[in-house]
Amino acid sequence: MKITKFKIVTKNKTYPIIIGNNIIKRIDKYLSSEIKNCKKISLIIDNNIPKKNIYEIQKSLRKYSIFITYIKTNEKIKSILTVEKIVDNLLNKNFHRNDCIIALGGGILGDIAAFSASIIKRGIKFVNIPTTLLAQVDSSIGGKTGVNSKYGKNLIGTFYQPDLVLSDISILRSLPKKEVICGYAEILKHSLILNKKLFMWLLNNGNKIINLKNDTLMQKAIHASCKIKAKIITKDENENNLRAILNFGHTFAHAFETTSKFPKIINHGEAVLMGMICALEFAYQNKLLKHQELMMVKKHYRELNLQSDIKKYFKKKDINKIIKYMKSDKKNFNENINLVLLKKIGNKPTLIDFSKNKLKVFLVDKFS
Ligand SMILES: NC(=O)c1ccc[n+]([C@@H]2O[C@H](COP(=O)([O-])OP(=O)(O)OC[C@H]3O[C@@H](n4cnc5c(N)ncnc54)[C@H](O)[C@@H]3O)[C@@H](O)[C@H]2O)c1
């Protein structure tokens, strides 16, 4: 299987994303071509990564001084306290700007490690090896770093682009199916907002992708999805306008997650899947999207058994809470609720604001 590689060009940095099978075995080669004069490496690893993968990386990096930290990830440890420990440790070991942090984990670990790299001596080198499908197609691209605060998710952070991203498909083999579906939700989102051809391709291949059945198809899906996100962040690195379209389905999704006191009852991927269906149905009800396009997406959900029914998790009495959380979304500038809505599959969505009453009627209708 061929390795695919493309460059992300931002104002601050140009860096490669390399996608392939078993590529972590040769991490030394990729690292030395991107980062010169690196001597020390801090390898920060998610506790659930199989020993075999860690051994391969260590073996390939044997010429460097390596310091390993394991983290048992969850949203609670995604905190400034964890970052402080990492920063203290690396300052104590006298890491220089040419030395490097390598993250081996999903989005939580990647966000913590990238944030730490961005603030040590105003920025040391950073390599991301995303190990979840969501991290490979979404969080490892774009340079958003950060941790949670007691006031909310991802409220402390920086924009800091990595020096290299290595997405190895073989690492996904140990990933639970629920987590694969989280990543698939983002691939599907990317296709819906900017690439109809990819959406049509997913209609035929989605099933094999969520069951990790075919490495070539996996690589193609990851590559296509990364390219869509790359296109958006290249045009809007610091989240000023265009990047908002990546929030398609997420205004509903964040409200669902918060209302259900995530992550126990509902995970992020399920919330995004239900959020996208709500956004599509709402667009159809408001005469923005054609019925036939809504049906195409719904059929795909049915065939892949993807979560679409909010009644499985919520009762009618939860609607006020859902609306309250939708109102606190950072896209809102007045009393209305701003939604990213699709007029046509694969065409850039539009941001439109609606009154909370209109949204309430829509949600109540779902329970009748
Ligand atoms: N920076 C961004 O642009 C961005 C974008 C989207 C999401 N995020 C953040 O990403 C986080 C979610 O990321 P995620 O979905 O990757 O979740 P995660 O990092 O929590 O990983 C999910 C689970 O999979 C396990 N895991 C990871 N890799 C594995 C592997 N190869 N084999 C077996 N188990 C493995 C982890 O231990 C964890 O239990 C959230 O905190 C979110 O805020 C950031």
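### With respect to the overall build of the protein chain
Reasoning step 1: Broken down by element type, the protein chain carries 13 helices and 11 strands.
Reasoning step 2: Here the C-alpha atoms of the protein chain give a radius of gyration of 21 Å, agreeing with the 21 Å that 2.2 N^0.38 yields for 368 residues.
Reasoning step 3: Overall size of the protein chain, expressed as C-alpha extent along the three principal axes, is 65 × 45 × 35 Å.
Reasoning step 4: Counting across all 368 residues of the protein chain, residues that qualify as buried make up 43%.
Reasoning step 5: A sequence separation of at least 24 residues applies to 74% of the contacts in the protein chain between residues at least 6 apart.

### Some details on the site of the ligand
Reasoning step 1: Around the ligand, the surrounding shell holds 25 residues, and the nearest of these are Gly106, Gly107, Thr131, Thr132 and Ser139.
Reasoning step 2: Of all the secondary-structure elements, those providing two or more residues to the shell around the ligand are helix 4 (107-119), helix 5 (133-139) and helix 6 (177-194).
Reasoning step 3: Residues belonging to the shell around the ligand are distributed by class as follows: eight nonpolar, 11 polar and six charged.

### Topic: the domain arrangement of the protein chain
Reasoning step 1: Domain assignment breaks the protein chain into domain 1 (4-174) and domain 2 (176-368).
Reasoning step 2: The gap between the C-alpha centroids of domain 1 and domain 2 is 27 Å.
Reasoning step 3: Counting residues at the interface gives 24 residues for domain 1 and 23 residues for domain 2.
Reasoning step 4: Among the secondary structure elements, those contributing two or more residues to the side of domain 1 that touches domain 2 are strand 1 (4-9), strand 2 (14-20) and helix 5.

### What about the packing of helix 10 (residues 268-285) against helix 11 (residues 291-304)?
Reasoning step 1: Two elements in contact, helix 10 and helix 11, have axes whose closest approach is 10 Å; the angle formed by their N-to-C orientations is 160°. Taken together, the axis directions place helix 10 and helix 11 in an arrangement best described as roughly antiparallel. In this structure, the crossing between helix 10 and helix 11 has a hand that is left-handed. Between helix 10 and helix 11, the residues in contact are Ile277, Leu280, Glu281 and Tyr284 and His291, Leu294, Val297 and Tyr301, respectively.
Reasoning step 2: Within the contact of helix 10 with helix 11, the residues separate by chemical class into six nonpolar, one polar and one charged.

### Things to note about the sheet that holds strand 6 (residues 125-130)
Reasoning step 1: Reading across the sheet, the seven strands line up as 1-2-9-6-5-3-4 and stay open at both edges, with mixed pairing between neighbours. Edge positions in the sheet fall to strand 1 and strand 4 (65-71), since each has one partner strand and no second. Neighbouring strand axes in the sheet, compared pairwise and without regard to direction, differ in orientation by 15° on average.
Reasoning step 2: Bridging between strand 6 and strand 9 (residues 164-168) involves two bridges; their strand directions are parallel. Across the sheet, residue Val127 finds its bridge partner in strand 9, namely Leu164.
Reasoning step 3: Contacts between helix 1 (residues 27-34) and the sheet are confined to strand 2, strand 6 and strand 9, with strand 9 contributing the most and set at about 160° to the helix.

### Considering helix 3 (residues 80-92)
Reasoning step 1: Helix length check: helix 3, at 13 residues, gives a terminal C-alpha distance of 18 Å against a target of 18 Å (1.5 Å per residue), a fit within 8%.
Reasoning step 2: Taken as a whole, helix 3 has its buried residues at Thr82, Val83, Ile86 and Leu90. Buried residues in helix 3, looked at end-on, bunch into an arc of 100°, giving them a common side. Opposite the packed face of helix 3, turned more than 90 degrees from it, sit the exposed residues Leu81, Glu84, Asp88, Leu91 and Asn92.

### A few points about the pairing of strand 1
Looking along a regular strand, one sees side chains alternate from face to face of the sheet.
Reasoning step 1: Note that strand 1 and strand 2 share six bridges and pair antiparallel. Note on strand 2: the bridge partner recorded for Phe6 is Ile17.
Reasoning step 2: Two successive antiparallel strands, strand 1 and strand 2, enclose a turn made up of four residues.

### Some thoughts on the nonpolar core
Reasoning step 1: Counting 100 residues, the largest nonpolar core has Ile44, Ile101, Ile102, Ala103, Phe256, Met274 and Ala279 as the members making the most contacts within it.
Reasoning step 2: Sort the elements by how many residues they give to this core and helix 10 lands first, with 11 residues.
Reasoning step 3: Looking at this core, you find at least three residues from each of domain 1 (4-174) and domain 2 (176-368).

### Observations concerning the packing of helix 9 (residues 250-259) against helix 10
Reasoning step 1: At a closest axis distance of 7 Å, the pairing of helix 9 and helix 10 adopts a crossing angle of 135°. With respect to helix 10, the axis of helix 9 lies oblique. In terms of crossing hand, the pair formed by helix 9 and helix 10 is right-handed. Only His268, Ala271, Val272, Met274, Gly275, Cys278 and Ala279 of helix 10 make contact with helix 9, whose side of the interface consists of His250, Phe252, Ala253, Phe256 and Glu257.

### Topic: unusual backbone geometry
Reasoning step 1: In this structure, Lys121 is a non-glycine residue whose phi angle is positive, near 50°.
Reasoning step 2: By secondary structure assignment, the location of Lys121 is in the loop between helix 4 and strand 6.
Reasoning step 3: In this structure Lys121 comes out as partly exposed when scored by C-beta crowding, with 13 C-beta atoms within 10 Å.
Reasoning step 4: Even without a glycine there, the phi angle at Asn305 is positive, about 60°.
Reasoning step 5: Summarising the element assignment, Asn305 is placed in the loop between helix 11 and helix 12 (319-327).
Reasoning step 6: Given 10 C-beta atoms within a 10 Å radius, Asn305 is considered exposed.

Cut-off values and rules
Residues numbered from 1 in each chain as written. Predicted model: local features only at pLDDT ≥ 70, side-chain atom pairs only at ≥ 80, totals over all residues. Helix = DSSP H or I, 4+ residues; strand = E, 2+ residues; numbered from the N terminus. Rg over C-alpha atoms; globule rule 2.2 N^0.38 Å. Buried ≥ 20, exposed ≤ 12 C-beta atoms within 10 Å, placed from the backbone. Contact = placed C-beta atoms within 7 Å. Near = placed C-beta within 6 Å. Nonpolar A, V, L, I, M, F, W, Y, C, P; charged D, E, K, R; others polar. Domains from an automatic or database assignment. Axes fitted to C-alpha atoms, helices over the stretch in contact; angles between N-to-C directions. Parallel < 35°, antiparallel > 145°, perpendicular 65-115°, else oblique. Left-handed = near helix turned anticlockwise from the far one by under 90°. Pairing = 2+ DSSP bridges. Expected span 1.5 Å × (residues − 1). Arc of directions from axis to C-beta. Core = buried A, V, L, I, M, F, W, Y, C linked by C-beta atoms within 7 Å.

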